[in-house]
Amino acid sequence: MPGRTLPTLTKSEVESHNTTKSCYVTIGTNVYDVTDFVESHPGGADLILDYAGKDVTEILKDTDSHKHSDSAYEILEESHVAFLVTDKLAPNGDAQKKIAGSQINGKVTPYVHPRTGMSCEEDLSKETDYNSDYKQHKFLDLNKPLLMQVWNGGFSKRFYLDQVHRPRHYKGGASAPLFGNFLEPLSLTPWWLVPIIWLPCISYGTYLASEGFESTLGLVTAWVSGLFIWTLVEYILHRCLFHLDDYLPDNRVGITLHFLLHGVHHYLPMDKYRLVMPPTLFLVLATPFWKLAHTLFYWNWHLATAVYCGGIFGYVCYDLTHYFLHHQNLPLWYKELKKYHLAHHFLDYELGFGVTSRFWDRVFGTELVTVVKTK
């Protein structure tokens, strides 16, 4: 790092930095402070903390665990804070360059999607330089509340859609200000609030529905049917409402509503408090489906309620899955789903609308190919 004289640390000193408040990792004799990256790591904080204070050379190269691109190393380079003193090598500039060169797999030129400006999922967590981003794109200033900038920006639909689908990352993985006033807490929803609020409601609704069934099998069949119907509703909502891009009104009302509903998520995809749906917004969207269920199954209130409860359980699974795909290291069978969904953000937002499954993408021909070729 030209212009910087970095300190040296012993192995025991590095190992002491092993918490979310101070987290160091090493690659060879380079020491990196990844504290700000812990919470926003696509694989989840736990994965980084497992290697806190340790050397991460092998895990970065382990494609079975998680494939890391050049962008991952670029993020690390920005966090280079010290050199590790070992018996074999005292730090000096020339030696460090040789070690760093040997630690990175063969250089490749990644494919950068022209509409998102990104090539891999690590790009989603690369911190945005607020000032240079605003100076270059003339879109939103991340130093200021976002909503009124969208409302007063005078953006054309074409310009807005181009910019809102170019992901940014707020400092340290925190939440960018949306309202900038007393309404701000209403826009921030921790993931655990979803099951706490809605699972008791689902349980009570299922209990009421059960009183109208003569057999448990009938209740389960109706409930599971609702769960399956939700998977289609999830796809339709994501594709036809959240990505209503071609039919979005070219005025500030339409653009601002789009930003509130889904645009802010594509603009700041790793914002952990704007990943699950706020309870107030969910009530607005869920109420018509309550009426729809009881219209379709008008002859049996209990049947309609059972189907509806199964569907709401599907929504809970969807919201939690969505959060974990962005912020947790997942079991092997979920890793491909994680890769698939994050590609929807960094690769092509006009494909890959399924979150809990790619089933309906295959049915309707919107499946996203996630293998990105490099030049």
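It should be noted that the structure appears before, not after, this text.
We now turn to the structure provided with this report. Here the structure is a predicted model, which is why all the values come from computation and not from measurement.

## Overview of the packing of aromatic side chains
Line of reasoning, step 1. Inspection of the entire model under this criterion finds 24 aromatic pairs.
Line of reasoning, step 2. Seen from their ring centres, Trp 290 and Tyr 308 are 5.1 Å apart, and the 85° between their planes marks the pair as edge-to-face. Note that Trp 290 is positioned in helix 12 (residues 279–296) and Tyr 308 in helix 13 (residues 301–327), a separation of 18 residues in sequence.
Line of reasoning, step 3. Judged by its relative accessible area of 15%, Tyr 308 falls in the buried class.
Line of reasoning, step 4. Among the aromatic residues, those joined into a cluster by ring pairs are Phe 139, Phe 155, Phe 159, Tyr 160, Phe 259 and Tyr 267.
Line of reasoning, step 5. When the ring centre of Tyr 340 is taken as reference, the NZ or CZ atom of Arg 358 above it lies at 4.0 Å.

## Some words on the environment of Leu 257
Line of reasoning, step 1. For Leu 257, the location among the structural elements is in helix 11 (residues 252–267).
Line of reasoning, step 2. Looking at Leu 257, the relative accessible area reads 54%, which means it is exposed.
Line of reasoning, step 3. Sequence-wise, Leu 257 and Val 150 are 107 residues apart; in three dimensions their C-alpha atoms are separated by 9.7 Å.

## Description of the environment of Met 148
Line of reasoning, step 1. Assignment of secondary structure puts Met 148 in helix 7 (residues 147–152).
Line of reasoning, step 2. Met 148 gets classed as partly exposed once you look at its relative accessible area, which sits at 45%.
Line of reasoning, step 3. For the pair Met 148 and Thr 256, spaced 108 residues apart in sequence, the C-alpha separation works out to 8.7 Å.

Cut-offs and rules
- Residues numbered from 1 in each chain as written.
- Predicted model: local features only at pLDDT ≥ 70, side-chain atom pairs only at ≥ 80, totals over all residues.
- Heavy atoms only, no water.
- Phe/Tyr/Trp six-rings, centres within 6.5 Å; stacked < 30°, edge-to-face > 60°.
- Helix = DSSP H or I, 4+ residues; strand = E, 2+ residues; numbered from the N terminus.
- Buried < 20%, exposed > 50% of the residue type's maximum accessible area, 1.4 Å probe, protein only.
- Lys NZ or Arg CZ within 6 Å of the ring centre and 35° of its normal.

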